[in-house]
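What follows is the residue order along each chain.
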Amino acid sequence: MPATLRLDLPEFLGRPLFVDLEASGLHAGSYPIEVGWCGLDLTATSFLIKPHATWSEDDWSVTSERVHGIARRQVIADGVDAVEAATRLNAACAGKEVFSDSPSFDQGWLSRLFRDVGVMQVFTLRDASALEALAVQHAELPSSDLEELRERVARHYPHSHRAAADARRAAARLLAIAMPDAVDAIIAAA
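The rules behind each value
Residues numbered from 1 in each chain as written. Predicted model: local features only at pLDDT ≥ 70, side-chain atom pairs only at ≥ 80, totals over all residues. Heavy atoms only, no water. Axes fitted to C-alpha atoms, helices over the stretch in contact; angles between N-to-C directions. Helix = DSSP H or I, 4+ residues; strand = E, 2+ residues; numbered from the N terminus. Left-handed = near helix turned anticlockwise from the far one by under 90°. Contact = heavy atoms within 4.5 Å. Nonpolar A, V, L, I, M, F, W, Y, C, P; charged D, E, K, R; others polar. 1 Å grid on protein atoms, 1.4 Å probe; cavity = no way out; pocket = protein on both sides within 12 Å on 5 of 7 lines; lining within 4 Å. Points joined across faces, edges and corners; volume = space filled by probe spheres on them. Salt bridge = Lys/Arg side-chain N within 4 Å of Asp/Glu carboxyl O. Buried < 20%, exposed > 50% of the residue type's maximum accessible area, 1.4 Å probe, protein only. Expected span 1.5 Å × (residues − 1). Arc of directions from axis to C-beta. Polar contact = N/O pair within 3.5 Å; in protein donor to acceptor, adjacent residues only side chain to side chain.

**Student:** A description of the packing of helix H6 (residues 143-156) against helix H7 (residues 163-178) should follow, citing residues and the corresponding values.
**Tutor:** Here H6 crosses H7 at 145°, and the two axes come no closer than 9 Å. Between H6 and H7 the crossing geometry is right-handed. On the side of H6, the interface is formed by Leu146, Leu149, Arg150, Val153 and Ala154, while H7 contributes Arg169, Ala172, Arg173, Ala176 and Ile177. Taken together, the residues that form the contact of H6 with H7 break down as 7 nonpolar, no polar and 3 charged.

Following this line, the structure appears as structure tokens:
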């Protein structure tokens, strides 16, 4: 289990929550199968989502399954009910600034989840790049240092195509950009 990171965070960061989703595919009609989130303490949570009755096996992509490594039978067996998934996600995100490093895809899957189960989404998903840009501005990082930090974080927090790990990766990247002097502690928490 990764260590919880404790840093004195710059006030301008607030307390963002990073959300990531994995899905049955990248095509129209695809649906969410895993959701994860992570705060700046780098503690990540995730769960699988059992397909809703209206989500067809026809909208399952074998290519996407190879990328994320989650089988349809696994989400059916181990996933939480889609209504419970929407309720849990609302509880985790309510009142928080919620970010995604892929908001157009992630919001599309969130919209499908909330619409299909008849639950109102109580949070707004924002683009993590806007928060990263703010962090760059506050840290006054030259572009060469910025790219080096991003690459260093990416080596220790790889893009795994699993929701919790990828949400954690986005949080770690923001921390490294906002607090470049703490990058060793951020990497040690990987």
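**Student:** So what's going on with the layout of surface pockets? Which residues, and what values?
**Tutor:** Empty space left among the atoms is revealed by rolling a probe the size of a water molecule over them. Approximately 350 Å³ is the volume found for the largest pocket. Around the largest pocket sit 18 residues that line it, and Leu21, Glu22, Leu26, Trp109 and His161 are the ones nearest its centre. Where the lining of the largest pocket is concerned, the elements lending two or more residues are strand E1 (17-23), helix H1 (62-68) and helix H4 (103-117). In the lining of the largest pocket, the residues fall into 6 nonpolar, 7 polar and 5 charged.

**Student:** Can you lay out the pattern of salt bridges for me, pointing to particular residues and giving the numbers?
**Tutor:** Summed over the entire model, instances satisfying the criterion amount to 10 salt bridges. Here Arg112 ties to Asp116 by a salt bridge, and the two come within 2.9 Å at their closest N and O atoms. Taken together, the residues span about one helical turn, with Arg112 and Asp116 both in helix H4 at a distance of 4 residues. Residue Arg112 is classed as buried on the basis of its relative accessible area, which comes to 13%. Under the relative-accessibility criterion, Asp116 is labelled partly exposed at 21%. Linking Glu132 and Arg150 is a salt bridge whose minimum nitrogen-to-oxygen distance equals 3.1 Å.

**Student:** Give a description of helix H3 (residues 82-93) that names residues and reports values.
**Tutor:** With 12 residues, H3 ought to run about 16 Å at 1.5 Å a step, and its terminal C-alpha atoms sit 16 Å apart, in line with that. Listing the buried residues of H3 in full gives Ala82, Ala85, Ala86, Leu89, Asn90, Ala92 and Cys93. Seen end-on, H3 carries its buried residues on one side only, within an arc spanning 165°. Contacts from the buried residues of H3 go to E1, strand E2 (32-38), strand E3 (44-48), strand E4 (98-100) and H4. Two to three positions downstream of the cap, the backbone nitrogen of Val83 sits 2.9 Å from a side-chain oxygen, assigning the N-cap of H3 to Asp81. After H3 finishes, the residue Gly95 shows a positive phi value of roughly 75°.

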